[in-house]
Amino acid sequence: MAKPRSNIGLNSVDGASVVNMSDIVEILNPDELRRTVRRLASEVVERSSSLDSLVLLGIHTRGVPLADAIATQIEQLEQIQVPVGSLDITFYRDDLNQIAVRTPARTKLPTDLSDKTVILIDDVIYSGRTIRAALNALNDYGRPPLVQLLVLIDRGHRELPIHPDFVGKVLPTARGEQVKVFLRGIDEQDGVQLVTRSAT
Ligand SMILES: O=P(O)(O)OC[C@H]1O[C@H](OP(=O)(O)OP(=O)(O)O)[C@H](O)[C@@H]1O
Ligand SMILES: O=c1cc[nH]c(=O)[nH]1
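Everything quoted here is computed from the prediction, not taken from an experiment. All residue numbers here refer to positions counted from 1 along the written sequence of the relevant chain. Both sets of labels track the order of writing: A upward for chains, 1 upward for ligands. Whole-chain, interface and lining totals are the exception, using all residues; otherwise, since this is a predicted model, local features are given only for residues with pLDDT of at least 70 and side-chain atom pairs are given and counted only at 80 or more.

Draft legend 1. A look at the overall build of the chain. Strands here are runs of E lasting at least two residues and helices are runs of H or I lasting at least four, both read from the DSSP assignment and numbered beginning at the N terminus. The secondary structure content of the chain amounts to three helices and ten strands. Along the chain, from the amino end to the carboxyl end, the secondary structure elements read β-β-β-α-β-α-β-β-α-β-β-β-β. The buried share of the chain, reckoned over its 200 residues, is 38%. A separation threshold of at least 6 residues defines the contact pool for the chain, and within that pool the share at least 24 residues apart is 67%. Here a residue counts as buried when 20 or more other C-beta atoms fall within 10 Å of its C-beta, as exposed when 12 or fewer do, and as partly exposed in between; the C-beta atoms come from the backbone. We call two residues in contact if the C-beta atoms placed from their backbones are at most 7 Å apart.

This is how it looks when you write it as structure tokens:
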């Protein structure tokens, strides 16, 4: 059942376009998002054969604070500091010639990946093209024996045969809808919203 929107982000005006507040549905509030992150961290711990060989790589933009949050939860559960890095997939996008802004690569690897289990972390998976690009980027930095994928929201509509190993929430959506994730570190507060109608 759709919940009434909260005031996260208050995206009534988004650049030059307008989104009616009635078109915003709250999917996860801050507490629910925190609990989801804690469950994801538990699943990573439970299914990991060796936490010592784990590396978390957050995909820019919101995969980065999400990876930090997962690492914090793993530390609370297991008193182990899992190395966390970040992956900028900008130059590996298959639509690179169509995007105007090209940021410099912000990839930061915390360690050599050759004997590590890498968990790629992103906030949303949709077409799967970001993850395809992330796998290409990763290929330039080594050949980890195992790469897994963790996402907060799987909204469906895959265009490539890519599926996450760890999922916070499966959220069936229509193509024209948009999932917006808010994470502290980048946003004012945590939460997930579904924008059910395009901005006009
Ligand atoms: O599965 P896909 O169709 O690739 O969509 C998922 C990607 O879309 C969003 O990123 P976006 O490209 O909006 O960039 P951002 O993270 O910098 O906001 C989201 O953070 C995922 O990385
Ligand atoms: O709805 C979507 C689709 C792709 N990426 C997002 O962050 N949200």
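Draft legend 2. The environment of Gly-85, seen in detail. With respect to the helices, strands and loops of the structure, Gly-85 is situated in strand 5 (residues 84-87). Distance in space between the C-alpha atoms of Gly-85 and Ile-59 is 8.9 Å, their sequence separation being 26 residues. Once residues within four sequence positions are removed from consideration, Gly-85 is found in contact with Val-55, Leu-57, Lys-108, Leu-109 and Pro-110.

Draft legend 3. Quick peek at the site of ligand 2. Near ligand 2 you find Val-124, Tyr-126, Arg-155, Gln-178 and Val-179, and these make up its full shell. Residues are grouped as follows: nonpolar covers Ala, Val, Leu, Ile, Met, Phe, Trp, Tyr, Cys and Pro; charged covers Asp, Glu, Lys and Arg; every other residue, Gly included, is treated as polar. When its residues are assigned to classes, the shell around ligand 2 shows three nonpolar, one polar and one charged. Only the C-beta atom matters for nearness: placed from the backbone, it must lie within 6 Å of the molecule or strand for the residue to count as near.

Draft legend 4. Inspection of the sheet that holds strand 7 (residues 146-154) at higher detail. Within the open sheet, the five strands sit side by side as 5-4-6-7-8. Their pairing is parallel. The open sheet has two edge strands with one neighbour each: strand 5 and strand 8 (166-170). Direction aside, neighbouring strands of the sheet carry axes that sit 25 degrees apart on average. Summarising the sheet, strand 4 (residues 54-59) and strand 5 pair through four bridges and their orientation is parallel. Looking at the pairing, Leu-57 lines up with Gly-85 of strand 5. Against the sheet, helix 1 (residues 30-47) engages strand 6 (117-125), strand 7 and strand 8, with an angle of about 150 degrees to strand 8. Inter-axis angles, ranging from 0 to 180 degrees, are taken between N-to-C directions of lines fitted to C-alpha atoms, where helices are fitted over the stretch in contact. Contacts from helix 3 (residues 129-139) reach strand 4, strand 5, strand 6 and strand 7 within the one sheet, and its direction differs from that of strand 6 by about 155 degrees. In this scheme, strands are said to pair when DSSP sees at least two bridges between them.

Draft legend 5. Quick look at helix 1. Expected helix span is computed as 1.5 Å times (number of residues minus one). Compared with an ideal rise of 1.5 Å per residue, which puts 18 residues at 26 Å, helix 1 spans 26 Å between its outermost C-alpha atoms and is within 8% of the ideal. Considered for burial, the residues of helix 1 that qualify are Leu-33, Val-37, Leu-40, Ala-41 and Val-44. Seen end-on, helix 1 carries its buried residues on one side only, within an arc spanning 100 degrees. Opposite the buried face of helix 1, at more than 90 degrees from it, the exposed residues are Asp-31 and Glu-46. The inward-facing, buried residues of helix 1 abut strand 3 (24-28), helix 2 (63-78), strand 6, strand 7, strand 8 and strand 10 (191-195). By construction, the arc corresponds to the directions joining the helix axis to the C-beta atoms.

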